[in-house]
Amino acid sequence: MSVKDELRNGLRSTRLRLGLSQQDLATMAGVSRQTISSVESGQAALSVTVALRLAKALGCQVEDLFWLEPDLATLEATPTATLPTGKPVPVSLVNVGEKWVAHPLVGNDAFRVELIPADGEALRQPQQDTLTVTLLDDPGNLANTVAVAGCAPALSLWAQAAERWHPGLRVHLSFANSTEALDRLARGEVHIAGVHLYCPKTETFNLPFVQCALPHQGAVLINLGIWDEGLLLAPGNPKGIQRITDLARPDVVLVNREPGAGSRELLDQALAAAKVSPQAVQGFDRVVFSHQAVAQAIAQGQADVGVSAASIATTYNLAFLPLRQSRYDLVTLKAYLEEPTVQQLLGTLSHRRVISQIKRLGGYDTHLTGEVVATTHGDRLK
């Protein structure tokens with residue numbers, strides 16, 4: 001099969017993450033500003049010399065800035081389950097006995113529940129706050145790990161794509177709602193926190209919460225995507241739920257998220273705007289702790305409605321009633337941007353493979369993906 005490679009680059013996103021203008025980078029690399037502009041837009045024929053100068057100026061490898069992406073190829077595969085016609089379905093491909101087998105990634109099959117290989121065994125001694133850890137892996141691998149906390153399913157797609165692109169990179173992804181993810185970042189437990197919180201007072205996403213959680217540390221907010229959030233409903237919406245006030249009907253049962261979750265904040269704000277008391281909603285106090293758990297409760301008939309994202313509704317073949325578009329941002333400290341592994345991970349956000357995977361989920365607007373959308377400077381906000 002003939003495949004045509006396309007030269008792509010992440011120069012602009014890397015430059016913006018480091019707070020550099022085109023002229024700043026041009027001066028550092030010894031080229032003209034027009035060259036920077038042309039390279040970023042893909043209009044210039046790139047020379048090896050210019051590529052090496054740019055990589056040196058930015059403190060990274062050439063392959064971190066430039067890469068070849070082939071046109072998408074096709075192959076024939078046998079599905080493991082009956083699939084609907086005329087509708088794209090995400091699959092995982094395995095070559096078995098010289099034939100390709102397609103495993104549909106739908107519902108629970110779209111998520112992995114697996115043991116994470118241990119890096120070591122820890123032992124806590126009496127009267128000590130620290131742990132003694134006996135390593136079970138090469139110490140060199142530990143330094144290549146980036147810790148990310150968040151709740152968006154797209155995070156795992158991004159992590160896997162980044163690990164494929166940079167074989168030495170490891171991404172430790174842990175589940176946390178938006179508030180807890182920020183708390184973990186503030187406690188120094190992770191490098192990156194995923195957040196989707198809306199502040200009605202300022203009418204902005206995420207920024208006020210970052211300033212509150214990190215009052216004395218400079219932070220950068222990088223967009224993962226803008227996703228549609230709303231009500232997940234049983235297929236075909238048999239209860240005929242059309243608006244938030246329908247949640248107060250006696251025949252409607254809700255499955256809720258925990259306080260601190262972006263979905264819970266959205267529900268609380270929507271109920272308040274509609275002047276619906278939480279006590280009037282059946283199931284308001286029934287709490288689950290993930291987007292998947294909300295979808296599973298509805299798919300299994302244990303609840304009629306819950307708040308989550310359109311991508312989750314698509315994955316579980318549920319009906320969806322949109323309430324708002326929310327900006328899902330990745331928050332990291334400015335100090336962490338100096339670490340090569342963090343640079344590698346964030347540098348993959350603008351890759352076509354990552355963008356295509358996020359778009360495939362449905363309900364995502366990716367026009368800001370990989371862009372710096374805000375920065376904070378201690379007690380000052382920019």
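Residues numbered from 1 in each chain as written. Predicted model: local features only at pLDDT ≥ 70, side-chain atom pairs only at ≥ 80, totals over all residues. Heavy atoms only, no water.

Structural notes on the pairing of strand S13 (residues 219-233)
Reasoning step 1: For S13, a buried count of 14 out of 15 residues is recorded, marking the element as mostly surrounded by other parts of the structure.
Reasoning step 2: Taken together, the four bridges between S13 and strand S19 (residues 372-377) define a ladder with antiparallel strand orientation. Looking at S19, one finds that Ile-222 is bridged to Val-372.
Reasoning step 3: The sheet contact formed by S13 and strand S17 (residues 319-333) spans 14 bridges and is antiparallel. Looking across to S17, one finds that Asp-228 is bridged to Gln-325.
Reasoning step 4: Judged from the two bridges that link them, S13 and strand S18 (residues 364-365) form a sheet pairing that is antiparallel. Bridge pairing links Trp-227 to Tyr-364 in S18.
Reasoning step 5: Alignment of S13 against strand S16 (residues 305-309), held across five bridges, turns out to be antiparallel. From the neighbouring strand, Glu-229 faces S16, where its bridge partner is Ala-309. (Buried < 20%, exposed > 50% of the residue type's maximum accessible area, 1.4 Å probe, protein only. Helix = DSSP H or I, 4+ residues; strand = E, 2+ residues; numbered from the N terminus. Pairing = 2+ DSSP bridges.)

With respect to the nonpolar core
Reasoning step 1: Grouped together as the largest cluster of nonpolar side chains are 62 residues, with contacts concentrated most on Trp-158, Leu-224, Val-331 and Leu-345.
Reasoning step 2: For Trp-158, the residues in contact, after removing those within four places along its chain, are Ile-192, Leu-330, Leu-345, Leu-346, Thr-348, Leu-349 and Val-354.
Reasoning step 3: Counting residues in each nonpolar core, the second largest holds 18 residues, with Leu-254, Leu-266, Ala-270 and Leu-271 among its members. (Core = buried A, V, L, I, M, F, W, Y, C linked by side-chain atoms within 4.5 Å. Contact = heavy atoms within 4.5 Å.)

Comments concerning the sheet that holds strand S5 (residues 99-104)
Reasoning step 1: A sheet is described by the order of its strands in space; here three strands give the open sequence S3-S5-S4, paired in mixed fashion. The sheet is open, and its two edges are formed by strand S3 (77-79) and strand S4 (91-96), each paired on a single side. Each adjacent strand pair in this sheet contributes to an overall mean axis angle of 35 degrees, direction not counted.
Reasoning step 2: Where S3 lies against S5, three bridges are found, and the strand directions are parallel. Bridging across to S5, Thr-78 finds its partner in Val-101. (Axes fitted to C-alpha atoms, helices over the stretch in contact; angles between N-to-C directions.)

Considering the packing of helix H2 (residues 22-29) against helix H3 (residues 33-41)
Reasoning step 1: Contact geometry of H2 with H3 gives a least axis separation of 8 Å together with a crossing angle of 110 degrees. Judged on the interaxial angle alone, H3 and H2 are roughly perpendicular. When you trace H2 past H3, the crossing you get is right-handed. Residues Gln-22, Gln-23, Leu-25 and Ala-26 of H2 touch H3, and the partners they reach there are Arg-33, Ile-36, Ser-37 and Glu-40.
Reasoning step 2: Here the contact of H2 with H3 is composed, by residue class, of three nonpolar, three polar and two charged. (Parallel < 35°, antiparallel > 145°, perpendicular 65-115°, else oblique. Left-handed = near helix turned anticlockwise from the far one by under 90°. Nonpolar A, V, L, I, M, F, W, Y, C, P; charged D, E, K, R; others polar.)

Some remarks on the pattern of salt bridges
Reasoning step 1: Per the counting criterion, the structure on display carries 13 salt bridges.
Reasoning step 2: Taking the shortest distance from any N to any O, the salt bridge between Glu-229 and Arg-324 comes out at 3.7 Å. Here Glu-229 is found in strand S13, whereas its partner Arg-324 is found in strand S17, with 95 residues between them in sequence. The same class applies to Glu-229 and to Arg-324, which are both buried.
Reasoning step 3: One connected set of salt bridges, linked through shared partners, spans Glu-180, Arg-184, Arg-187 and Glu-189. (Salt bridge = Lys/Arg side-chain N within 4 Å of Asp/Glu carboxyl O.)

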